[in-house]
Amino acid sequence: MEYSPDDWVILKVSLAMRDRTFTQFRVLGGWSGGYLDGDAWRINSGIQTVHAGDRAYHFLGRSGSVYLCRRGGYRMSRIMAAGLTELKRQQSVVDAEILDDRNWLEPGLFEALLSTAADDTAEK
């Protein structure tokens, strides 16, 4: 599935599984509803890779979904705040924080974040 949120942020999520904690990076997206449908939010399964087009970042999730997140859309909306609150209520979630906006393709930046997350989960 492909998703194109109106607004989006990257979350650093700490999860407790069994006797250890590990980190995932996830996209939290928000959509502004119209007359017939309401606002909505969605959190991806965890970022595996990132690519970029001229106008958007393409975040590939662990489930195979792709989030097409347009540059300039990095912001938190009210409906997304509700999604973040819901995420934090999950029993396995230790913490979830919004990362500052940055160039997600800066050489080594996102790879370092992903390798840190991979190192955390390698001992499963």
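Here we look at the side chain of Q24
Position of Q24 relative to the elements: it lies in strand β3 (residues 20-31). The class of Q24 is buried, set by a relative accessible area of 8%. Among the polar contacts made by the side chain of Q24, one reaches the side chain of R26 at a distance of 2.6 Å.

Observations regarding the pattern of salt bridges
Tallied over the entire structure, the rule returns two salt bridges. Between R75 and D7 there is a salt bridge whose closest N-O contact spans 2.8 Å. Taken together, the positions of R75 in the loop between β7 (66-70) and α1 (78-89) and D7 in strand β2 (residues 7-17) put the pair 68 residues apart, joining distant regions of the chain. Classification of R75 as partly exposed rests on a relative accessible area of 37%. In this structure, R89 engages E86 in a salt bridge whose closest nitrogen and oxygen atoms are separated by 3.5 Å. Highlighted residues: R89 and E86, both in helix α1, separated by three residues, approximately one helical turn. The class for E86 is partly exposed, based on a relative accessible area of 39%.

Quick look at the environment of M80
Within the element layout of this structure, M80 appears in helix α1. For M80, a relative accessible area of 0% gives the class buried. C-alpha of M80 to C-alpha of I43: the two residues are 37 residues apart in sequence and 9.2 Å apart in space. Setting aside residues no more than four positions away along its own chain, M80 makes contact with D7, W8, V9, L28, G29, G30, W41 and R75.

The rules we used
- Residues numbered from 1 in each chain as written.
- Predicted model: local features only at pLDDT ≥ 70, side-chain atom pairs only at ≥ 80, totals over all residues.
- Heavy atoms only, no water.
- Helix = DSSP H or I, 4+ residues; strand = E, 2+ residues; numbered from the N terminus.
- Buried < 20%, exposed > 50% of the residue type's maximum accessible area, 1.4 Å probe, protein only.
- Polar contact = N/O pair within 3.5 Å; in protein donor to acceptor, adjacent residues only side chain to side chain.
- Salt bridge = Lys/Arg side-chain N within 4 Å of Asp/Glu carboxyl O.
- Contact = heavy atoms within 4.5 Å.

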